[in-house]
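# Descriptive analysis of the structure
Take a look at the letters that make up each chain.
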Amino acid sequence: NAKGINTMWDGVEIDVTGRLYYLEGMKGKNGIQVVYDAKTSHENLIIFYEPLYYNGKILGVLLGIITEETFGEQLKNSYAGNLAVAYLCQKDGTVVSATENDLIGKNVITHLGEKRNVKEKQLKEVEQALALGNGYSFRYRGDKGETNAYIVGLEEEGYSLIKTIPSQVTNAMILEVNRDSI
């Protein structure tokens, strides 16, 4: 409501006057905010917010809330039975949601450099693409071969999605092309 009291589905009331989504919503703005370790559930939440108007006056802020775990499940995708890795990131590279849950709250650029062997030049381009919300495709050599990855910027909200095509799939495509050329 306009006083900053959020009534949950179970009737529990929470003071959200200090939350960015409430402050921005009361200014007439909409958007997305990530809340780490929420007050009631202690979960990571992705909150979509929109001001609620009546006769031209803001009555409060309407929220759509999804847990990071649920969102992470939505990111899961497989190609020919091989699970693809996906990350939802903020502009600075902070992972908001991922198919690898241990990365939540960590920096994807650091992870790609240390754990995925992405070269320094590509890391700088990944960093720039995230910061600007631009699309970008890159490759790196994983444990099982060449992996393709791409970034899709969600420009209006300041987030980007990074998805990979597993090396097993890339290797199968290369093999098929080679067979077709014989």
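Before reading further, recall that the structure is shown in the block above.
First things first, this report covers the structure right here in the doc. (Residues numbered from 1 in each chain as written. Predicted model: local features only at pLDDT ≥ 70, side-chain atom pairs only at ≥ 80, totals over all residues. Heavy atoms only, no water.)

## A word on the overall build of the chain
In terms of helices and strands, the chain carries five helices and twelve strands. Long-range contacts, defined here as pairs at least 24 residues apart, represent 37% of the contacts in the chain between residues at least 6 apart. A total accessible area of about 10800 Å² is found for the chain, and carbon and sulfur atoms account for 50% of it. (Helix = DSSP H or I, 4+ residues; strand = E, 2+ residues; numbered from the N terminus. Contact = heavy atoms within 4.5 Å. Areas by Shrake-Rupley, 256 points an atom, 1.4 Å probe, with all protein chains shown as cover.)

## Digging into the sheet that holds strand β9 (residues 95–98)
Strands sit in the order β9-β8-β12-β11-β10 across an open sheet of five strands; the sheet is antiparallel. Edge strands, defined here as strands with exactly one partner in the open sheet, are β9 and β10 (136–142). In this sheet, neighbouring strand axes are inclined to one another by 20 degrees on average, regardless of whether the strands run parallel or antiparallel. Running over the sheet, helix α3 (residues 108–115) touches β8 (86–90), β9, β10 and β12 (159–165) and is turned about 140 degrees from β8. (Pairing = 2+ DSSP bridges. Axes fitted to C-alpha atoms, helices over the stretch in contact; angles between N-to-C directions.)

## Some details on the side chain of His111
Looking at the element boundaries, His111 is found in helix α3. Residues within four places of His111 in sequence aside, it is in contact with Tyr87, Glu100, Leu103 and Arg116.

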